[in-house]
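Given next are the chains, with one letter for each unit.
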Amino acid sequence: MTVARRINKSKTALKEALLILMENKDYNKITITDIVNISNLNRGTFYKHYQTKEELLEELIGEVIADLIRSYREPYLQKSKLEISDLSSSSIKIFEHVYLYGKFYKIIIHSNALPGFQSKICQVLKNLVLQDLSTKNDLNKNINPEIFSSYFAYAIFGIIVEWVDQNFSYTPTYMSEQLIRILSYTTIIT
């Protein structure tokens, strides 16, 4: 095994151990000893990669956010304009991301382990809408971009929360199909 693979394997084990512990224990009460015991690694391995458990958590959060951004942007990266009709369930990657990091999302939605992190995710989504979609699409000039981006970010996160609350009872593909149908739906009030 190469050094890089061994490092990745150790870091992954430490992150997984932290998530397991956060499911059942208050973050402030988690110790490095707890983390290394669950990960089946020694303290030396932990300290080779991290100085504190906060540093470990920060790296995990950074990875989740970076992957969230990448997966959110996936359907429109190579397009100059995003058309809902051009979307397919296979082009939408955000639900694959949430499923991949399912344990992390369960923790942030169902516990107080990371207070304020739900708002942080919504802010990341809001910024993506402001930066990307409003420049790629002709946003109606009568629609306030801040309000539009908030609406979109909280709607997406609401769908994610509902899916997590249902313990991922649907596949990521099904969730992508539902998102396309929701985005394509127009309400007519008579």
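Relevant structure appears above.
Definitions and limits used
- Residues numbered from 1 in each chain as written.
- Predicted model: local features only at pLDDT ≥ 70, side-chain atom pairs only at ≥ 80, totals over all residues.
- Heavy atoms only, no water.
- Helix = DSSP H or I, 4+ residues; strand = E, 2+ residues; numbered from the N terminus.
- Buried < 20%, exposed > 50% of the residue type's maximum accessible area, 1.4 Å probe, protein only.
- Contact = heavy atoms within 4.5 Å.
- Areas by Shrake-Rupley, 256 points an atom, 1.4 Å probe, with all protein chains shown as cover.
- Expected span 1.5 Å × (residues − 1).
- Polar contact = N/O pair within 3.5 Å; in protein donor to acceptor, adjacent residues only side chain to side chain.
- Salt bridge = Lys/Arg side-chain N within 4 Å of Asp/Glu carboxyl O.
- Phe/Tyr/Trp six-rings, centres within 6.5 Å; stacked < 30°, edge-to-face > 60°.
- Lys NZ or Arg CZ within 6 Å of the ring centre and 35° of its normal.
- Axes fitted to C-alpha atoms, helices over the stretch in contact; angles between N-to-C directions.
- Parallel < 35°, antiparallel > 145°, perpendicular 65-115°, else oblique.

## So, the overall build of the protein
Part 1: Broken down by element type, the protein carries 9 helices and 0 strands.
Part 2: Order of helices (α) and strands (β) in the protein, N terminus to C terminus: α-α-α-α-α-α-α-α-α.
Part 3: Taking all 190 residues of the protein together, the buried fraction comes to 41%.
Part 4: Looking at the protein alone, contacts between residues at least 24 apart form 65% of all its contacts between residues at least 6 apart.
Part 5: As displayed, the protein offers around 11,100 Å² of accessible surface, 52% of which is attributable to carbon and sulfur atoms.

## Concerning helix H1 (residues 3–24)
Part 1: Between its first and last C-alpha atoms H1 spans 32 Å; for 22 residues at 1.5 Å apiece the expected length is 32 Å, and the two agree.
Part 2: Along H1, the residues that are buried comprise Ser10, Lys11, Leu14, Lys15, Ala17, Leu18, Leu19, Leu21 and Met22.
Part 3: Looking at the buried positions of H1, the neighbouring elements they touch are helix H2 (32–39), helix H3 (43–49), helix H4 (53–73) and helix H6 (102–110).
Part 4: Sitting at the amino-terminal end of H1 is Thr2, which places a side-chain oxygen 3.2 Å from the backbone nitrogen of Arg5.

## Looking at the pattern of salt bridges
Two side chains of opposite charge can pair, provided their charged atoms sit close to one another.
Part 1: Enumeration over the complete set of coordinates arrives at 9 salt bridges.
Part 2: For Lys93, the salt bridge is made with Glu96, and the minimal N-O distance between the two is 3.8 Å.
Part 3: For Glu96, a relative accessible area of 40% gives the class partly exposed.
Part 4: Here the salt bridges share partners, and the residues they tie into one network are Lys11, Lys15, Glu59 and Glu63.

## Here's the deal with the environment of Ala66
Part 1: Checked against the element boundaries, Ala66 lands in helix H4.
Part 2: The exposure class assigned to Ala66 is partly exposed, which follows from its relative accessible area of 46%.

## Re unusual backbone geometry
Part 1: For Asn40, which is not glycine, the phi dihedral falls at a positive 65 degrees.
Part 2: Locating Asn40 in the fold gives a position in the loop between H2 and H3.
Part 3: Phi at Phe168 takes a positive value of approximately 55 degrees, unusual for a residue other than glycine.
Part 4: Counting through the fold element by element, Phe168 comes out in the loop between helix H8 (145–165) and helix H9 (172–184).
Part 5: On the basis of relative accessibility, which here comes to 13%, the residue Phe168 falls in the buried class.

## Re the packing of aromatic side chains
Part 1: Under the definition given, this model contains 10 aromatic pairs.
Part 2: Considering the side-chain rings of Phe104 and Phe117, the 5.3 Å spacing of their centres and the 85 degrees angle between planes classify their relative orientation as edge-to-face. Taken together, the residues span a long stretch of sequence, with Phe104 in helix H6 and Phe117 in helix H7 (residues 117–136) at a distance of 13 residues. Taken as a pair, Phe104 and Phe117 share a single burial class, namely buried.
Part 3: Site record: aromatic cluster; members linked through ring pairs are Phe95, Tyr99, Trp163 and Phe168.
Part 4: A cation over an aromatic ring shows up here: Lys53 above the ring of Tyr27, its NZ or CZ 4.4 Å from the ring centre.

## As for the packing of H6 against H8
Part 1: Axis separation between H6 and H8 bottoms out at 10 Å; the angle between their running directions is 100 degrees. The orientation of H6 with respect to H8, classified from their angle, is roughly perpendicular. Where H6 abuts H8, its residues Tyr105, Lys106, Ile109 and His110 lie against Phe157, Ile160, Val161, Val164 and Asp165.

## Quick word on the environment of Glu16
Part 1: You can see Glu16 is positioned in helix H1.
Part 2: On the basis of relative accessibility, which here comes to 34%, the residue Glu16 falls in the partly exposed class.
Part 3: Here the alpha-carbon distance between Glu16 and Lys103, two residues 87 residues apart in the chain, equals 9.1 Å.

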